[in-house]
Each structure stands twice: as structure tokens, then as C-alpha cells.
Amino acid sequence: MNSGIDTASLGTSGNPLRVAIVGSGPSGFYAAEALFKSPLSVRVDMLERLPVPFGLVRYGVAPDHPKLKQPTMIFDKIAQSPDFTFLGNVTVGRDVGVEQLRGTHHAILFACGAESDRRLGLPNEDLPGSHTATEFVGWYNGHPDYRDRSFDLSQEVAVVIGQGNVAIDVARILAKPIDELRGTDMAEHALAALAGSRVRDIHIIGRRGPAQASFTFKELRELGELVGCATLVSESDLHLNSASLAELENKNNFNAAKNVEILQSWTTHCATAASKRIWFHFMQSPVGIVGTGRLERIILERNRLTDSALGQLAQGTGEMVDLNCGLLFRSIGYRGLPLPGVPFDPARGVFPSTAGRIDGMPGVYAAGWIKRGPSGIIGTNRADAVATVQSLLADLPHLDSRPKSGAAGLFATLARLNSQVLSYGDWRRIDAEERRRGAVVGKPREKIPRVSDMLAVAATALQGSRNCGVDEL
Amino acid sequence: MPHIVTDKCQNCRFTDCVTTCPVACFHGDDQMLYIDNVQCVDCGACVPACPVHAIYEQTELPPDKLEWLTINAQRAPTLPVIVDKQVPLPTAEARKRELGY
């Protein structure tokens, strides 16, 4: 009972607070950063289902927005802590269960994001030619899950359903001159396909009005600056009802006011000189996806707005509009995926939580999109992760205070599975190889888009260093 | 275009912005915060975080606040990085009302 070692208080060097973070995107890394800032002795073990880290910074941020990938330099610094262990190519819920993690760690923090999509709920949603924005974004960013997707870019008309920055990314990548994408880290298979693209008209469709669009104004403005591309919106689509005008008067609704100002400047643009056109349509909802064997057109219903300012909802009017199109991307929001042993809110696609504490699971936390749903940008998730870590640290007296085995315990379990677990050092080798391959073709990196190839690079490098060691002997 | 903290931060110093910065580019003195425009990745996450909208993208700076571009660039590198939210100045709430927020 009086063993000094066994009773070392939690969070001291004799009994460090061991936290398993599930997911290695922004929320995961910012949670690790916040944990390391606490005065406690903390060990962070970060589990990632892919072999490589950084989540949506690597696989979501558009290749033509390289500055927004700079947070990876911050993540890299966090990963250099001697108290940090990366375990890549480990899927929680398959390779290791939540109950196992509760045995090896004092706390679990889920930062696994929102990996799936909301559906429109229409028949024919999966007709050839109809895709999710997630698939397209993952494909052009070299995400292994989407390496083998294909998109019929011989079509001339594409429709994007959605009013967020992902919808804008999809439209911009379709509209941008290919030569402006060649020097980016866009995956080679996507560059090759987009080079042959015949897409000329891109329609972005939203169920509510311009004042309710959730585009960040900077992203919207960028569409208007694309070379050889006109941005168009009809004056009638920009009509603002009195509630919308009231919304725009609200000083905290600054972004919406900027969006409307930008859209209004596009009503007068001339389409004739441009080789590509991006059309904005507001107050319309898709109600039908039509085609024999493949997508041919969609049916849109015109909406009107009901309810009061900042809570306006779209309501169908019964008036239908046909829009011929060969490609459809739905971008109406991401959803998290359920995980065995963790409560899940199917309506919101999140792990239900209060102040970051997952409901009914003491010692288990959530941060980022799996906590809040898919809103905000990278920095928003830093503030969110910090808030969750504050809850976790405040709970310290209530956590199981017995010493835990942490990563060592996990490695023992994973070794029995005979699966290849990648370390942060392995990532560095893959990173170096990607940069080397990129340099050959004038790109910052050429991502390795297949898991098997990543594992091979990690294993080959290891083999190489062993051989070096032997040679030196 | 980088983002700029303007004099609306003076007498407030709410510091909510720093928690949203993904690259820790806010620096501060006793009066207000400043953005290091070399570090800023121009994501704009800080703009809606400020209770008094003191932060502008460079191209959005009101004409009477253009001088803050240079002031941010000069001051930020000489001051410590601020990464955690701090207690606002005692005058913050009054200043917020004065600014109309």
C-alpha cells in the first residue's frame, strides 16, 4: 500500500499523464501542443490510420494554397518533443480498440475529424458523374483512399452543390489554368487528368441567398481573379429580402457583407472573352438527379427564405429549373464516422460532448471537427483543441491515477498483429522521398499516393540504413 | 496579403485572436498586439475572433488605418510572441462599447 512508485501522483515524472490522441491533423497536433505546455509531466502518443501525419493540412488544403500548409512546420516542432510518439498506420477500432486504449492511457482525445460526407438524400445520388467534393479533393491531393477514383473531365458542364470553401476549392481547381497548377504539389495523376479537362462551365448552387453563403470572402474573391475565367451571377439571384439586409447590418456578420459586395461586383462581368465561366446560383435546391446510365441533368427547385434574420431557412416554392450537366460534386458538409465503443450523434456526425468531454465516457475527449462538426479553418481548431485540453487537465483529479504503459503497451499489442507501425522518423523518410521526387519535376513534393508504396519507402529506408550500418562495420 | 492589427486593439487587448493563430505570429506589448507579416499565412482565422474587429487583411484596411501596416511589420519582430489568451485590459469593455461592438 505504501509503495512510493505506485502512488506517484499523476502528472509527475514518476507517473506521467499518458494521453492517446487519435488523429494527426490540426486538432490533434494543437491538442498535443496544449498538453505539452501544461506544467505536468505529459506523454502524448498520437495514433493515425494513414502511414503519414497532418490530416487535412496535407490532404484537404488546396495545392495552390501552399501558405496554408505552413502549420506543418509548427506540427513538426511539436513532434520533436521527446515526450511525443507517432504511431502511423494504426486504425483505432480495428487494430486497437477504445477499451485497450483506456488500459494503456489515462485519457483518450479523439481528433479524428469528419471523414465522410453529408448526402443530399436524393435517388441517383451515386449515378456515374455524381461525386462528393471529398472524393475530388482527396483525389487531387493524393489521398490514398481516393487514388483510384476517376472523374469524367471530358464533360463541359460541372455543378457544385454547396456554399462553403470546399465548393470554392472544387470550382477553382476546375477553372484554373493547368500551367498554374503544375508547380504545386497536386498529385501527378490529377494534373494529368486535369490537363485534358474540357470543363468550361461550373455552376455553384446554394439553397439560401448570397447573404447566407458561408464562403470566406478571401476565397470567394480569389475566384474573380482567375486568369481566363469569368465569374457570373444574375441580379435576381442577388436580391436581398429585408431580413437579409438586417443580417448584413450586423457588425459581427462582416464576412457575409464582404461576400455580397464581391458577388454584386460580378453581375456586370462580361462572359464572352473568358474561356471558362463560374456561375453562382442562389435560392435553389437540387430535388432530382437525372440520367440514363450516367448523369445528364439535375432538377433544381427555387426557394424562398422564411423566418427571421440570422435564422432564415430555405423553403421550396414548387418552381422547378432544369440544369444540364455531366459532372456533379456535392459539397454540403462533412460528417464524422462512428467508432465502436464511442457514442455517436448520427444527425450531426459527431461524438457528442460537453466542453470537449465525450458524453458518458469519463477520461475520453474530443477536439476539432469530430467535436464541433465541420466548421472553421485550421486556426479555429487550435482554439478548439486548447479548450478541450483545458477540460482534460481540469479533470486530472478524477482520472485513473495508476501508472499506464502508454506507447510501450500499444506496441506490444500491435506487434502481435504483425502490422507495420510507422514512426515520426519513418514519416521524415517518406517526406524526404516525396520532396526528392517533387524536385525532379519542379514541384515542392510529389506525394506518394498509395499506402503500400509509403510502407515500402519506410521499410526500404530502414533496410538501407541497416545496410549502411553493416558496411560501416 | 498579410493581416494587420489596428489601433482598435488599444485599450482592449482581448487577445482572443492569438488562440486561433495556426502559426503563432502574434506579438504584443502592454498596449496591443501586432502581427508578424513574415510569419502570417494569411488564413484570416483571427479576424472573426476579435470582439472589436481590430484585425484587417491588408487590402481591407480602412484608409485612415494604413499606417498600421508598417507599425505591425516594425513592432512585431521586436516583441515577445503571445500564444495564450490573456486577461483583457481593464478598459476593454468600455472601449468595446465606444467602438460600437
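Residues numbered from 1 in each chain as written. Chains lettered and ligands numbered in written order. Predicted model: local features only at pLDDT ≥ 70, side-chain atom pairs only at ≥ 80, totals over all residues. Heavy atoms only, no water.

Comments concerning the packing of helix α5 (residues 133–140) of chain A against helix α6 (residues 165–175) of chain A
Residue and element names in this part refer to chain A.
- Running from N to C, α5 and α6 point in directions that differ by 55 degrees, and their axes come no closer than 10 Å. Relative to α6, the element α5 lies oblique. Crossing of α5 against α6: the hand is left-handed. Taking contact as the criterion, the partners of Ala 133, Phe 136, Val 137 and Tyr 140 in α5 are, on α6, Val 166, Asp 169, Val 170, Ile 173 and Leu 174.
- Class assignment for the residues of the contact of α5 with α6 results in eight nonpolar, no polar and one charged. (Axes fitted to C-alpha atoms, helices over the stretch in contact; angles between N-to-C directions. Helix = DSSP H or I, 4+ residues; strand = E, 2+ residues; numbered from the N terminus. Parallel < 35°, antiparallel > 145°, perpendicular 65-115°, else oblique. Left-handed = near helix turned anticlockwise from the far one by under 90°. Contact = heavy atoms within 4.5 Å. Nonpolar A, V, L, I, M, F, W, Y, C, P; charged D, E, K, R; others polar.)

Quick look at the sheet that holds strand β12 (residues 297–306) of chain A
Residues and elements named next belong to chain A.
- If you walk across this open sheet you meet the three strands as β11-β12-β13, and the pairing is antiparallel. Edge positions in the sheet fall to β11 (284–290) and β13 (313–324), since each has one partner strand and no second. Strand-to-strand, the axes of this sheet are offset by a mean angle of 25 degrees, without reference to chain direction. (Pairing = 2+ DSSP bridges.)

What about the state of the cysteines?
- For the structure shown, the criterion picks out zero disulfides over all chains.
- No disulfide involves Cys 325 of chain A; its sulfur sits 17 Å from the nearest other cysteine sulfur, which is in Cys 229 of chain A.
- In this structure Cys 325 of chain A comes out as buried when scored by relative accessible area, which is 5%.
- The closest cysteine sulfur to the non-disulfide-bonded Cys 12 of chain B is located on Cys 9 of chain B, 6.6 Å from its own sulfur. (Disulfide = S-S within 2.5 Å. Buried < 20%, exposed > 50% of the residue type's maximum accessible area, 1.4 Å probe, protein only.)

Notes on the pairing of β12 of chain A
Residues and elements named next belong to chain A.
- Summarising the sheet, β11 and β12 pair through six bridges and their orientation is antiparallel. Bridged to Pro 286 within β12 is Leu 300.
- The loop that links β11 with its antiparallel partner β12 comprises six residues; one of these, Gly 293, has a positive phi angle of about 85 degrees.
- Where β12 and β13 come together, nine bridges link them in antiparallel fashion. Paired with Thr 306 across the bridge in β13 is Leu 313.
- Hairpin geometry of β12 and β13 is characterised by an intervening segment of six residues between the two adjacent antiparallel strands and by a positive phi of about 80 degrees at Asp 307.

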